[in-house]
Amino acid sequence: NPGEKVQGHLTLKVDENHEDIKIPVTLINGQEEGKTVAITAAVHGGEYTGVFGLIKLSREIKPQDLKGKLILVHIANVSAFESKMQYIGPIDGKNLNRCFPGNKNGTHTEQLAHLISKEVYGQSDFFLDLHSGDIHEDLMPFTLYHRDASEEVRAQSRKIGELMNLGPVIG
C-alpha cells in the first residue's frame, strides 16, 4: 500500500531433494505515484558489497522519501551466496547471470532467473543490478547499459548512469 515498507521473501519452489529457497526482498512504496525501480544484489554468490548496500538502503529509505516504488532484492542467488560460490550455483552448476530471462520448467538456476524476471523485472520501470566485485575481484566502479535497447531506453539509461556519478557510463 502507499506509504508502506514491507520486508519479506520471494519463494522459489525447488525439487523434493532441496528445501524451497527464500529470497529476501524489501518493498518500499512511496506515498505518491511514480515509477518503480528494482535493484538486485548477489546474482553471484560472492558479491557481498551489493548485499551490504541494499541492507543499508532498506534501513535508510522511508516511504515518505519516495515517489513510486522501490523493490530491493537483497540476495538474488541465495544458494550460491550461502555456499560462497562465486559464479555458479551449487544445485545445477549454472551461472544465474547467463540464464535470464529464465525458464519456469528449467533447471534450478533457470527457474530462479524466470522468477526474478517475472516478479521483479516485470514489475519495474527501471532496473539496477549491483553486480559488484566477486570474492577475488577488485573492480573500478562503472555503469553499463544495453546498447541494443531502443533509443529512448538508451537515453534514459545513460542519464541515470551519469546521475549516479559512479565513473564511466558505457553503452
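This is a predicted model, so every value here is computed, not measured. Along every chain, residues carry numbers that run from 1 in the direction the sequence is written. Local features in this predicted model are restricted to residues whose pLDDT is 70 or higher, and side-chain atom pairs enter the listing and the counts only when it is 80 or higher, whereas totals over whole chains, interfaces and linings include all residues. Only hydrogens and water are set aside; all other atoms, that is, all heavy atoms of the structure, feed into the side-chain values.

Caption draft 1: Inspection of the pattern of salt bridges at higher detail. By salt bridge we mean one thing: a side-chain nitrogen of Lys or Arg within 4 Å of a carboxyl oxygen of Asp or Glu. A full pass over the atoms with the stated rule returns five salt bridges. A salt bridge links Lys-67 to Glu-32; the nearest nitrogen and oxygen atoms lie 3.9 Å apart. Of this pair, Lys-67 sits in strand S4 (residues 67–73) while Glu-32 sits in strand S3 (residues 32–41), and the two are 35 residues apart along the sequence. Each residue gets one of three labels from its accessible area relative to the maximum for its type: buried under 20%, exposed over 50%, partly exposed in between, using a 1.4 Å probe on protein chains only. Judged by relative accessible area, which is 59%, Lys-67 ranks as exposed. The class of Glu-32 is partly exposed, set by a relative accessible area of 49%. Of the charged contacts in the structure, one is a salt bridge between Glu-162 and Arg-158, with a shortest N-O distance of 3.5 Å. With Glu-162 and Arg-158 both in helix H4 (residues 151–164), this residue pair falls four residues apart, about one helical turn. The exposure class assigned to Glu-162 is partly exposed, which follows from its relative accessible area of 47%. Given a relative accessible area of 33%, Arg-158 falls into the partly exposed group. The helix count covers DSSP runs of H or I at least four residues long, the strand count covers runs of E at least two residues long, and both are numbered beginning at the N terminus.

Caption draft 2: Inspection of unusual backbone geometry at higher detail. Between Phe-100 and the following residue, Pro-101, the backbone shows a cis peptide bond with an omega angle of 10 degrees. Turning to its location among the elements, Pro-101 is positioned in the loop between helix H2 (78–83) and helix H3 (108–119). One non-glycine residue, Ala-42, adopts positive backbone phi at about 60 degrees. Relative to the elements of secondary structure, Ala-42 occurs in the loop between S3 and helix H1 (48–60). The buried category is assigned to Ala-42, whose relative accessible area is 0%.

Caption draft 3: Quick peek at the packing of aromatic side chains. Note on ring pairs: Phe, Tyr and Trp rings are taken, using the six-membered ring of Trp, and paired if centres are within 6.5 Å. Classes follow the plane angle, with under 30 degrees stacked, over 60 edge-to-face and the rest tilted. Here the structure, examined in full by the defined rule, presents three aromatic pairs. Plain terms: the ring middles of Tyr-48 and Phe-81 are 5.6 Å apart, the flat faces sit at 75 degrees to each other, and that makes the pair edge-to-face. Taken together, the residues span a long stretch of sequence, with Tyr-48 in helix H1 and Phe-81 in helix H2 at a distance of 33 residues. Three or more aromatic residues joined by ring pairs form one cluster here, namely Phe-100, Tyr-121 and Phe-127.

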